[in-house]
Amino acid sequence: MGAIVWILGLCCALSVVLQTVGADEHLPIVLRMQRTVASDINNVLNNPSISEQCKTRGITCGSCSSVMICSHEKQTVGSYECSSIDAQRPYCTGNGVCTNSMEEKCKTPSELCPPESTGSYYPVPGNCSESVYCAKDNTAVKTSAPSSSYYFNSIKQSWTLRKTAADCFQINCLSATMQNKFYVYKPNPQLYVYCATFGPMTFKCGANEEFNESKRACEFACKKEGNVGIPDGNGGFLKDRYYSCLATASGSFQLFELNCPVGLIFIDDDCKLAPLSPPS
Ligand SMILES: *[C@@H]1O[C@H](CO)[C@@H](O)[C@H](O)[C@H]1NC(C)=O
Ligand SMILES: *[C@@H]1O[C@H](CO)[C@@H](O)[C@H](O)[C@H]1NC(C)=O
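Residues numbered from 1 in each chain as written. Chains lettered and ligands numbered in written order. Predicted model: local features only at pLDDT ≥ 70, side-chain atom pairs only at ≥ 80, totals over all residues.

Topic: the site of ligand 1
So, point 1. The local shell around ligand 1 consists of Asn127, Ser129, Glu130 and Ser144.
So, point 2. Among the elements that line the shell around ligand 1, the one with the most residues is strand 8 (residues 127-134), at 3 residues.
So, point 3. Residue composition of the shell around ligand 1, grouped by class: no nonpolar, 3 polar and 1 charged. (Near = placed C-beta within 6 Å. Helix = DSSP H or I, 4+ residues; strand = E, 2+ residues; numbered from the N terminus. Nonpolar A, V, L, I, M, F, W, Y, C, P; charged D, E, K, R; others polar.)

What to know about the sheet that holds strand 9 (residues 140-144)
So, point 1. Here we have 3 strands laid out as an open sheet, ordered 7-8-9, and antiparallel in their pairing. The open sheet has two edge strands with one neighbour each: strand 7 (120-124) and strand 9. Neighbour-to-neighbour, the strand axes of this sheet turn through a mean angle of 35°, independent of strand direction. (Pairing = 2+ DSSP bridges. Axes fitted to C-alpha atoms, helices over the stretch in contact; angles between N-to-C directions.)

Re the nonpolar core
So, point 1. In terms of nonpolar packing, the biggest core is built from 15 residues, with Leu112, Cys113, Tyr122, Val132, Cys134 and Ala140 touching the most fellow members.
So, point 2. Sorting the residues of this core by element identifies strand 7, strand 8, strand 9 and strand 10 (150-153) as the ones contributing at least two each.
So, point 3. Judged by nonpolar contacts, the second largest core, of 11 residues, contains Cys61, Cys64, Tyr91 and Cys98. (Core = buried A, V, L, I, M, F, W, Y, C linked by C-beta atoms within 7 Å. Buried ≥ 20, exposed ≤ 12 C-beta atoms within 10 Å, placed from the backbone.)

Describing the sheet that holds strand 19 (residues 253-259)
So, point 1. One open sheet accounts for 3 strands, arranged 17-18-19; its pairing is antiparallel. Strand pairing shows two members of the sheet lacking a second neighbour, strand 17 (226-231) and strand 19, which therefore form its edges. The sheet shows a mean angle of 35° between the axes of neighbouring strands, direction not considered.
So, point 2. Where strand 17 meets strand 18 (residues 237-247), 5 bridges bridge the pair, whose relative direction is antiparallel. Bridge pairing links Pro231 to Phe237 in strand 18.

Topic: the confidence of the model for the protein
So, point 1. With 84% of its residues at a pLDDT of at least 70, the protein reaches an overall mean of 84.
So, point 2. Taking the mean pLDDT of every element in the protein, the minimum, 38, falls on helix 2 (residues 37-46) and the maximum, 98, on strand 12 (residues 182-184).
So, point 3. Here residues 7-21 is modelled with pLDDT under 50, and outside its nearest four sequence neighbours on either side it reaches 0 contacts, counting other chains as well.
So, point 4. Below pLDDT 50 for its whole length, residues 33-49 participates in 53 contacts with residues either more than four positions away or in separate chains. (pLDDT = per-residue confidence, 0-100. Contact = placed C-beta atoms within 7 Å.)

A few points about the environment of Ser101
So, point 1. Assignment of secondary structure puts Ser101 in the loop between strand 6 (97-99) and strand 7.
So, point 2. Along the backbone, Ser101 and Arg89 are 12 residues apart, and their C-alpha atoms lie at a distance of 7.6 Å.

Quick word on the environment of Ser129
So, point 1. Mapped onto the secondary structure, Ser129 falls in strand 8.
So, point 2. Judged by C-beta crowding, with 18 C-beta atoms within 10 Å, Ser129 ranks as partly exposed.
So, point 3. Placed 21 residues apart in sequence, Ser129 and Tyr150 show a C-alpha to C-alpha distance of 6.7 Å.
So, point 4. The residues touching Ser129, leaving out its near neighbours within four places in the chain, are Ser144, Ala145, Ser148 and Tyr151.

Concerning the pairing of strand 21 (residues 270-273)
So, point 1. Across 4 bridges, the pairing between strand 20 (residues 264-267) and strand 21 is antiparallel. Pairing of Ile267 across the sheet is with Asp270, part of strand 21.
So, point 2. Taking the residues that link successive antiparallel strands as the turn, the strand 20-strand 21 hairpin has 2 residues, and the phi of Asp268 there is positive, at about 65°.

Shown next, in the form of structure tokens:
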């Protein structure tokens, strides 16, 4: 009897361990306060006016994230990044005090946040071990994977265990040959990146769309089986034609553009008889 209880207990313990291992494959992203991409990219490169000049002798903010020491001669005699002293207090405010909250004037939108971003995580194109949290106002907070064995998973919005080298997809906009071109973000083709000379800019296609590099445009992509209306460009849908997504043998979906039979119009998800116009 004792042995059976013991074995049952062992089984439970094992299943708990297995469950934990399974759950660890995708880790939720936890925001840690760090120097933001907004201050890296926009303040420094797009908006150098945010860099301050020495006005009086003493300590002051040199930028949104750094402190500088000024002489009587209004010369900068030294400076340091707040994050290099304490990663929890990366922002410079007031008279050169490092804190954990950014000053209003420093909250500039980040080019890593598509305008459609509403409180979700987006990739840092050059580093799969990082992501940015984009707030509604398009300001970004950068966050890093708990270890290099995890990569940012844009679809799952998590850190995911790295199994093959291909899991880490990166676009290195710093290389000159990459610049001034569009790239699809392959792990989530709804996203695409333009490599500007100052760094990457992230864009997002519509809900049912993916970016086509050769066309440099977003286009409809099948994500599940079924019929979908074709946008008419005025917020409505075409009446005589529709997209049809059919499952293939490999488990993906093939896109067809089909015509409705004469006399029927496409409504919601199928070709139907036009509804009678309501009595006036
Ligand atoms: C990518 O980001 C991680 C975490 O922030 C950092 O440790 C690593 O050095 C970065 N890699 C590159 C190539 O910049
Ligand atoms: C992109 O468009 C080209 C030209 O129409 C097409 O041949 C290609 O299959 C498309 N690529 C993807 C990934 O859909």
